[in-house]
Amino acid sequence: MMYENIDFNSIDLTQEPPVSEPERQYYFIAKCRQYVKEQEELAGHPLTAAVVTFGCQMNARDSEKLSGILEQVGYTLSDSEEADFVIYNTCTVRDNANQRVYGRLGFCNSMKRKNPHKKIALCGCMMQEQNVIDKLKKSYRFVDLIFGTHNIFKFAELLCRMFESSGMVIDIWKDSDQIVEDLPVERKYPFKSGINIMFGCNNFCTYCIVPYVRGREKSRRPKEILQEIERLADDGVVEIMLLGQNVNSYGKNLENPVTFAELLREVNKIEGLKRIRFMTSHPKDLSDDLILAMKECDKVCKHMHLPLQSGSSRILKIMNRHYDKEQYLEIVRKLRDAIPDIALTTDIIVGFPGETEEDFMETMDVVKQVEYDSAFTFIYSKRTGTPAASMENQCDPDEVKRHFDMLLKEVQQISTRKAMELEGKVVEVLAEEPNEQDASLITGRLANNAVVHFPGDAGMIGKLYQVKLTECKGFYYLGEVVANE
C-alpha cells in the first residue's frame, strides 16, 4: 500500500484504529484533519506549521516526514517560528546543541503568551535523554508534545493525543525494532532526496552519544529501499543520498544478509537516477567489495566521507574506533588505487582526553599524507553520558586551541590547493537553486559536493550540466555551462 493512493476523507473514524502500521497512522491522519479544522475555526485563520531542524542529514530526512504529515492533516507549511505549530527536531551530539534548543524555547514561550492557540513540539535525539525530559517537565511546561527518535512514525497518532490533551504529552521509547515507512513526506527538493537505509549505531565510540539516543543498528529490507528509490526516480528525483549512522555495516542484521556494496549495485541499476551519494562510512567496515562497487557503478559519486577523528593509534584505541593509523592509511591507498580521482573528506577531533603533542602530530601526519579535499574539524567537548566525559587527563584549553589553529591552517591550505586543480576543467554539475546573492546565477554541486555558481535561470534547476570551472574562489567555483545532458 502507498500513502499516495489513500483517500483520507473516506477512512471510517467510527471504527477502532487499525493495529497494523502504517494503516494505523493513516487513521490518525484522517482524525487529525478534523482537529485541525476545529482549531482553524477557533483561531479564525488557516493554521501554519514550521519544522525547525538541528543536526545531521538523518534529522533532515525525519523532518521531511514530519512536514509531510503536517501538510496532510491540514497545516500550511511555513519557515517562520511564529507559525501556529512549531516542532523542533533536535540534535544532541554536542552539549551546545541542547543549549540552542533551550534558547529557542524561551523565545517560543513569549510568542505562546501572545497566541494562545500556538502549539510547540520537541522530538529527535535530545529527547532520548532522561535529564532533558526531567528539565522540560520542570521548567518548560508550556511545551505541548515531546517524543523521541524511535517512534517518529507515530507522529499523526501523537498529534491526536496532543489535541485531545490539556497538558504536556510525552511519549519516549528506549528502543524499537520497528521500521515503519510509506508515510507522507514533503521533500525539500523535488530533484534530490535522502533515503534512510538503516537506523541506529553499534559502535559506541567513547566520545559519542548517538548509540544511546538512536539505539542499535536496524537495516531496512533492500526490496523496500529499491521500491522507494524507483518511485522517487519516477517522480523526477535524479540524485539520492543513502543515509545511516554507518552505512558500511548495512544489512548485517537482516534475515537474509545483504552487504552495502550489493545494495549499491542494485540502486545503480534504477532508471532515471543520475547520482548516488551515501554517508556516513566507518573505516572499520569499509570492504574491498565496496571500493570495487564504487569503481564499477557509474552513478555513484566518486566521493567518500571517511571520518578519521585522530591520527594517533593510541588515541584511536581509547576512542574505541577499531582501526589504527596504518589501517586507515591502507584504506585510503586502496581507494586512491581503485578510483584515482576520488574526493576524500573527513571529521577530526582535536583535544580528546589524554591527547599529547606527539598524538596531535600523528593527526597532522595523516592530514598531510591523505590530502583531504575538505575536513570538518572540531575541538573536543565533553558530552555528558559518554565514557570520555569522565576520563581523566582532559586537555589544556590553550594547547587545544593552538593545535586546532595549526590543523585548520593545514587543512585549508591543502583544500585550496586541491580545489585549484579543477580550475579550467569541465565537470558535471547538478543545478540546485537560485544564487542567494546574484539572481543571474544558479548554484549547483559537483560530484565531489563542491559548490559552483554559474549563469542560468530557475528553469535549469534539477538538471545536470557540463560546466567549465572558470575560477576557483577557495571554497567554491565560478563557472559557465558548455553543455547540458
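Above this note sits the structure.
By convention here, each chain's residues receive numbers from 1 onward along its written sequence. The predicted nature of this model means local features are confined to residues of pLDDT at least 70 and side-chain atom pairs, given and counted, to a pLDDT of 80 or more, with totals for whole chains, interfaces and linings taken over all residues. Side-chain metrics rest on all non-hydrogen atoms present in the structure, leaving aside hydrogens and water.

Q: Please give an account of helix H11 (residues 325-338) that cites residues and values.
A: The periodicity of an α-helix, 3.6 residues per turn, causes residues three or four positions apart to be oriented the same way. For H11, built from 14 residues, the straight-helix expectation of 20 Å at 1.5 Å per residue is met to within 8% by its first-to-last C-alpha distance of 20 Å. Along H11, the residues that are buried comprise Lys325, Tyr328, Leu329, Ile331, Val332, Leu335 and Ala338. What makes two residues a contact is simply this: any of their non-hydrogen atoms within 4.5 Å. The way it works is that DSSP assigns letters per residue, a run of H or I at least four long becomes a helix, a run of E at least two long becomes a strand, and they are numbered from the N terminus. Residues of H11 that are buried sit in contact with helix H9 (288-296), strand E12 (303-305), helix H10 (313-319), strand E13 (343-350) and helix H12 (357-370). For the purposes of these results, a polar contact is taken to be a pair of N or O atoms within 3.5 Å, where, inside protein, one atom must be able to donate a hydrogen and its partner to accept one; residues adjacent in sequence count only when each atom of the pair is a side-chain atom. Sitting at the head of H11, aspartate 324 places a side-chain oxygen 3.2 Å from the backbone nitrogen of glutamate 326. Helix span, as expected, comes to 1.5 Å for every residue beyond the first. Any residue under 20% of the maximum accessible area for its type is buried, any over 50% is exposed, and the rest in between are partly exposed; the area is computed with a 1.4 Å probe on protein chains only.

Q: With reference to specific residues and values, describe the pairing of strand E7 (residues 192-196).
A: For E7, the tally of buried residues reaches five of five residues, placing the bulk of the element in the interior. Burial along E7 is two-sided: the residues Lys192, Gly194 and Asn196 and Ser193 and Ile195 are all buried. Whether two strands pair comes down to DSSP finding at least two bridges between them. The pairing of E7 with strand E10 (residues 239-243) spans five bridges and is classified as parallel. Bridged to asparagine 196 within E10 is leucine 243.

Q: Residue-level account of the packing of helix H1 (residues 23-43) against helix H5 (residues 155-164), with values.
A: To define axes, lines are fitted to C-alpha atoms, for helices over the stretch in contact only, and angles between the resulting N-to-C directions are given on a 0 to 180 degree scale. Here H1 crosses H5 at 35°, and the two axes come no closer than 8 Å. The handedness of the crossing between H1 and H5 comes out as left-handed. Contacts from Arg24, Gln25, Phe28, Ile29, Lys31, Cys32, Tyr35, Val36 and Gln39 in H1 reach Phe155, Ala156, Glu157, Leu159, Cys160, Phe163 and Glu164 in H5. Each helix crossing is assigned a hand: it is left-handed if the near helix lies turned anticlockwise from the far helix by less than a right angle, otherwise right-handed if that turn is clockwise.

Q: Break down the packing of H12 against helix H13 (residues 397-420) for me, citing the residues and quoting the values.
A: Across the interface, H12 lies against H13 with an axial gap of 10 Å and an inter-helix angle of 10°. The orientation of H12 with respect to H13, classified from their angle, is roughly parallel. Across from Glu357, Phe360, Met361, Met364, Val367 and Lys368 in H12, the residues of H13 making contact are Glu399, Arg402, His403, Met406, Leu407, Glu410, Val411 and Ile414. Gly counts as polar in this scheme, as do all residues outside two lists: the nonpolar Ala, Val, Leu, Ile, Met, Phe, Trp, Tyr, Cys and Pro, and the charged Asp, Glu, Lys and Arg. Looking at the contact of H12 with H13 residue by residue, the class counts come to eight nonpolar, one polar and five charged. Between 65 and 115 degrees an angle is taken as roughly perpendicular, under 35 as roughly parallel, over 145 as roughly antiparallel, and anywhere else as oblique.

Q: Quick rundown of H5? Include the residues and the values.
A: Taking burial as the measure, the 10 residues of H5 include eight buried ones, the bulk of the element. Among all positions of H5, only Phe155, Ala156, Glu157, Leu158, Leu159, Cys160, Met162 and Phe163 are buried. Its buried side turned inward, H5 meets H1, helix H2 (57-72), strand E3 (85-90), strand E4 (119-124), strand E5 (145-147) and strand E6 (169-171).

Q: Explain the nonpolar core residue by residue, including any values.
A: Of all hydrophobic cores here, the largest spans 70 residues; its most connected members are Ile197, Leu242 and Phe260. Ranked by residues supplied to this core, first place goes to H11 with six residues. If we ignore the near neighbours within four places in the chain, the residues touching isoleucine 197 are Ser219, Arg220, Ile225, Leu242, Leu243, Val247, Tyr250, Phe260 and Leu263. Phe8, Tyr26, Phe147 and Ala156 belong to the second-largest nonpolar core, a separate cluster that totals 34 residues. Among buried residues, those of type Ala, Val, Leu, Ile, Met, Phe, Trp, Tyr and Cys that are joined through side-chain atoms within 4.5 Å constitute a nonpolar core.

Note that all results are geometric; they support no functional claim without further evidence.
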